[in-house]
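Structural characterization, general
Here's the letter readout for the chains.
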Amino acid sequence: MEFFPDVFEIFEMPEELKLLRDSTRKLVNEKLIPREREIDETGKIPEDLLNTFKELGYFGITIPQEYGGIGAGFTGYVLVQEELARTHECFNAIISANNGIGSLGILYDGTEEQKKKYLPRLASGEWLASFALTEPNAGSDAASIKTRAVKEGSKYILNGTKHFITRGDIADIFIVMAVTDPSKGARGISAFIVEKNFPGVRVARRHESMGSDVVGQAEIVFEDAEVPEENLIGEEGKGFKTAQKVLNDGRLGMAARALGTSKRLFEEAVRYSTERVQFGQPICQFQGIQWMLAEVAALIYHMQWAVYSTALLHEKRPRINKEASIVKFMATEWAWRIADIALQIHGGMGYMKDFPIERFLRDLRALRIVEGTTEIHKNIIAREILRMAG
Amino acid sequence: MKILVTVKRVPDPDMKVRVNAEGTGIVEDNMKFVINPFDEIAVEEGLRIKEKKGEGEVVIVAIGPSVVQEQIRAALAMGADRGIHVDVDSYPDPLNTAKLLKAVAEKEAPNIVIMGKQAVDDDYGQAGQMLAAMLGWAQATFAYKVEIADDNSKATVTREVDGGLETIEIDLPAVVTADLRLNEPRYASLPGIMKAKTKPMDVFKPADLGVELSPVLELVRMEEPPPRKGGIIVETVDELLDKLRNEAKVI
Ligand SMILES: Cc1cc2nc3c(=O)[nH]c(=O)nc-3n(C[C@H](O)[C@H](O)[C@H](O)COP(=O)(O)OP(=O)(O)OC[C@H]3O[C@@H](n4cnc5c(N)ncnc54)[C@H](O)[C@@H]3O)c2cc1C
């Protein structure tokens, strides 16, 4: 028996999505969870598992079939992210740009040639994508980026530095936001597809970080980098709009990951509490521990309905800014609280690397920062509240 | 080569099962159901035979209420070609299962029927043998390895028997039941999953197949195993031997 009701019992969703979810769950339980220790020890995704992901089609979940992908859509990808979040963070991290911020910009606003050239390679996993927006002086205030793109003949010449770029050291292409017209603020930003082998593109360093480091972040430098004009996505000045569309879709994915990891932490905490004996009884017999478990269960229950009702809302309407912000910030904050409770239930053992709790806690912490910090999402929600108030 | 594979919907064996308060069945709320693991091996074997032959059709048949179509679709997602759903309100006993399967086998006229050696929910392990007997076909149970002759007239099947393996040759058509080590089933690929919904599925009632169900078995009561008693820690080997000999009486 599962503790939480199945979302498919409540919501009308296509039956192939249930198969997709169940098949992913099976893969996670049978093939991925047993390899977590090995991944921690080597710091790498095992080659055979990477190939399995490619063969089964996990790099192209959101990419339409006409471009070599699966075409399982937004909700399908949300379901997959939840399942993958029950195991090592690296699996979501490796497929995420090809299914999201690295490919959707091309899909939404790219030319037919760009779609034909890049999407099939991203869908098969032959190429990895990265999304490069953040700069040392432009994080939450993303519109203040300084990377410049200047048109010279049939090329754009890019100069600037991007940092914290997930997969930056291993990506084959970057979706880069750069300023084409500094006088226009956000409306002067354009999006480019930059291949790693274009002249002037350099990986300056890989960051060392608190977690999320099997698939890590890197600093990318553009020094008179040459980008052919046909690699501009959409029109000049539309880059920030493209980025926002893509990031909106990503937010619910972050919440789904928070949900999946929370469910795993819950399972681990329940199991440990029934096995660990102190004062002559399993610690789950203490009411203090029971209340912790009950709180975790209640938070997860709410997260689950919020994530899936919002995913289905998004299938009905494109703009779900405030809803996505609400769900992203609450789910990621609650997951952090859940990780803390799960660690507490494990006592000292939770702090040790013998158990996966401390790793989940470290990896999970990034979710409150990436794709908009909690504070920025509160700003978005508040802005909409005040707009309504007139 | 036409290969008929049976699949049964069973509770996920990785999940804790609870018996309902009336003792008439299990609690189904929040339960997950899967293809019986031995049947999944049977599906895999069917697909491998077809792939090795380079031609053929793998047809999936499941018996039960409409929810069993989920398991048929899961097998289609693995790569099977089409499905047959025999629509009945509850899962019949092994004899009636075999009767329905006999009617399907006569209709489809496959070269081979591959089944799991047993369903992990009720563990009867009878349907395959009964089906072969009713059809008057050869049977090879507990298969460990299956090889089909080039002209599809015979199969060489290695079977798991107590303490070893036994290899037999059988005439086709025949019924083969899969054991655990026959193969390792594949994961459905995501394109396979998306394609599954477009594959044909026929639905038959027992009457459509000319079968009248006549139950020969009644479930009287279901009980959970008694909770495990806590273990004890013995101080010495002698004490252990003494307890095994005099208390547990196992040596
Ligand atoms: C693991 C990881 C992976 C990442 N991957 C990528 C990637 O692939 N591509 C990419 O482009 N970027 C990536 N980033 C960058 C990420 O998007 C930024 O870190 C994030 O947007 C926050 O920006 P910042 O770090 O500069 O923080 P800052 O913007 O400097 O924020 C510092 C603090 O100030 C708060 N703050 C800022 N403005 C306000 C305000 N108006 N009101 C209230 N509080 C405010 C913030 O909430 C935060 O608490 C990644 C970051 C991490 C940690």
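Residues numbered from 1 in each chain as written. Chains lettered and ligands numbered in written order. Predicted model: local features only at pLDDT ≥ 70, side-chain atom pairs only at ≥ 80, totals over all residues. Heavy atoms only, no water.

Here we look at empty space enclosed by the protein
Residues and elements named next belong to chain B. Put simply, the rule is: With a 1 Å grid spanning the protein atoms alone, the term cavity applies to any set of points in which a 1.4 Å probe fits but cannot get out, the term pocket to an open set with protein on both sides within 12 Å along at least five of seven lines, and the term lining residue to any residue with an atom within 4 Å of a point. Grid points are joined across faces, edges and corners, and a volume is the space filled by probe spheres set on the points. Here a strand is any run of E in DSSP of at least two residues, a helix any run of H or I of at least four, and the numbering for each starts at the N terminus.
Under the criterion given, the structure shown has one cavity of 30 Å³ or more. Looking at the largest cavity, its volume works out to about 360 Å³. Lining the largest cavity are 26 residues, and of these Lys-8, Thr-97, Met-115, Ala-119 and Ala-127 lie nearest its centre. Contributing elements (two or more residues each) for the lining of the largest cavity: β4 (57-64), α3 (94-108), β6 (112-116) and α4 (127-135).

With respect to the confidence of the model for chain B
Under the convention used in this document: Confidence scores per residue from the predictor, reported as pLDDT, run from 0 to 100.
Here chain B averages 95 in pLDDT, while 100% of its residues score no lower than 70. Here the complex is predicted with pTM 0.93, and the ipTM for its interfaces comes to 0.90.

Description of the sheet that holds β6 of chain B
Two strands in a sheet stick together by hydrogen bonds in their backbones, pointing the same way (parallel) or opposite ways (antiparallel). All names here are of chain B. Put simply, the rule reads: Being paired, for any two strands, means DSSP has found at least two bridges between them. Note on definitions: angles span 0 to 180 degrees between N-to-C directions of axes, and those axes are lines fitted to C-alpha atoms, for helices only across the stretch in contact. Any two residues whose heavy atoms approach within 4.5 Å are treated as being in contact.
An order of β9-β8-β7-β10-β6-β1-β4-β5-β11 is seen for the nine strands of this open sheet, with the pairing classed as mixed. Looking at which strands have only one partner, the edges of the open sheet turn out to be β9 (164-171) and β11 (201-204). Adjacent strand axes in the sheet meet at a mean angle of 35°, parallel and antiparallel pairs treated alike. Helix α1 (residues 37-53) rests against β1 (2-6), β4, β6, β7 (138-148) and β10 (174-178) of the sheet, and its axis sits at about 150° to β6. Strands in contact with α3 are β1, β4, β5 (82-87), β6 and β11; relative to β4, the strand with the most contacts, it is inclined by about 150°.

Focus on the site of the ligand
Residue and element names in this part refer to chain A. To keep it simple, the criterion reads: Being near a molecule or strand, for a residue, means having at least one of its heavy atoms within 4 Å of it. By the criterion applied in these results, polar contacts are pairs of N or O atoms within 3.5 Å in which, for protein atoms, one can donate a hydrogen and the other can accept it, and in which residues neighboring in sequence qualify only through two side-chain atoms. In this description, accessible areas are obtained by the Shrake-Rupley approach with a 1.4 Å probe, and a residue is regarded as covered only by the protein chains that are shown. Polar here means any residue other than Ala, Val, Leu, Ile, Met, Phe, Trp, Tyr, Cys and Pro, which are nonpolar, and Asp, Glu, Lys and Arg, which are charged; Gly is therefore polar. Note that the domain bounds were set by an automatic or database domain assignment.
Taken together, the neighbourhood of the ligand is formed by 17 residues, with Phe-131, Thr-134, Ser-140, Thr-373 and Glu-375 sitting nearest. The separation between a nitrogen atom of the ligand and a polar main-chain atom of Phe-131 is 2.7 Å. The side chain of Asn-379 places a nitrogen or oxygen atom 3.4 Å from a nitrogen atom of the ligand. Here the ligand loses 63% of its free accessible area of 970 Å² to cover by the protein chains. Elements represented by at least two residues in the shell around the ligand include exactly β1 (129-132), β3 (155-166) and α14 (374-389). Grouping the constituent residues of the shell around the ligand by class yields nine nonpolar, seven polar and one charged. Viewed by domain, the shell around the ligand spans two of them, domain 2 (129-237) and domain 3 (241-389), each represented by three or more residues.

What about the pattern of salt bridges?
Filter applied, for reference: A pairing counts as a salt bridge when a side-chain nitrogen of Lys or Arg comes within 4 Å of a carboxyl oxygen of Asp or Glu. Here the term buried applies to any residue with accessible area under 20% of the maximum for its type, exposed to any over 50%, and partly exposed to those in between, with areas from a 1.4 Å probe on protein chains only.
Taken as a whole and judged by the stated rule, the model has 61 salt bridges over all chains. With a shortest N-O distance of 3.3 Å, Glu-195 of chain A and Lys-117 of chain A are connected by a salt bridge. On the criterion of sequence distance, the pair formed by Glu-195 of chain A in strand β5 (residues 189-195) and Lys-117 of chain A in helix α8 (residues 112-124) is long-range, its members being 78 residues apart. Residue classification places Glu-195 of chain A among the buried positions, given a relative accessible area of 14%. What makes Lys-117 of chain A partly exposed here is its relative accessible area of 40%. The shortest N-O distance in the salt bridge between Lys-145 of chain B and Glu-147 of chain B comes to 3.8 Å.

Details of the pairing of strand β4 (residues 173-179) of chain A
All names here are of chain A. In terms of burial, β4 is largely enclosed, as seven of its seven residues are buried. Burial of β4 is two-sided: the residues Ile-173, Ile-175, Met-177 and Val-179 facing one way and the residues Phe-174, Val-176 and Ala-178 facing the other way are all buried. The pairing of β1 with β4 spans four bridges and is classified as parallel. Within β4, the position partnered with Ala-132 by the bridge is Val-176. Judged from the seven bridges that link them, β4 and β5 form a sheet pairing that is antiparallel. Counted as the bridge partner of Ala-178 is Ser-190 from β5.

With respect to unusual backbone geometry
Cis geometry is found at the peptide bond from Leu-172 of chain B to Pro-173 of chain B, where omega equals 5°. With respect to the helices and strands, Pro-173 of chain B occurs in the loop between β9 and β10. Within the chain, Asp-224 of chain A stands out as a residue other than glycine whose phi angle is a positive 50°. Within the secondary structure, Asp-224 of chain A is located in strand β7 (residues 217-228). Owing to a relative accessible area of 49%, Asp-224 of chain A belongs among the partly exposed residues under this scheme. Although it is not a glycine, Phe-279 of chain A sits at a positive phi angle of roughly 50°. Structurally, Phe-279 of chain A can be placed in the loop between β9 (277-278) and β10 (281-282).

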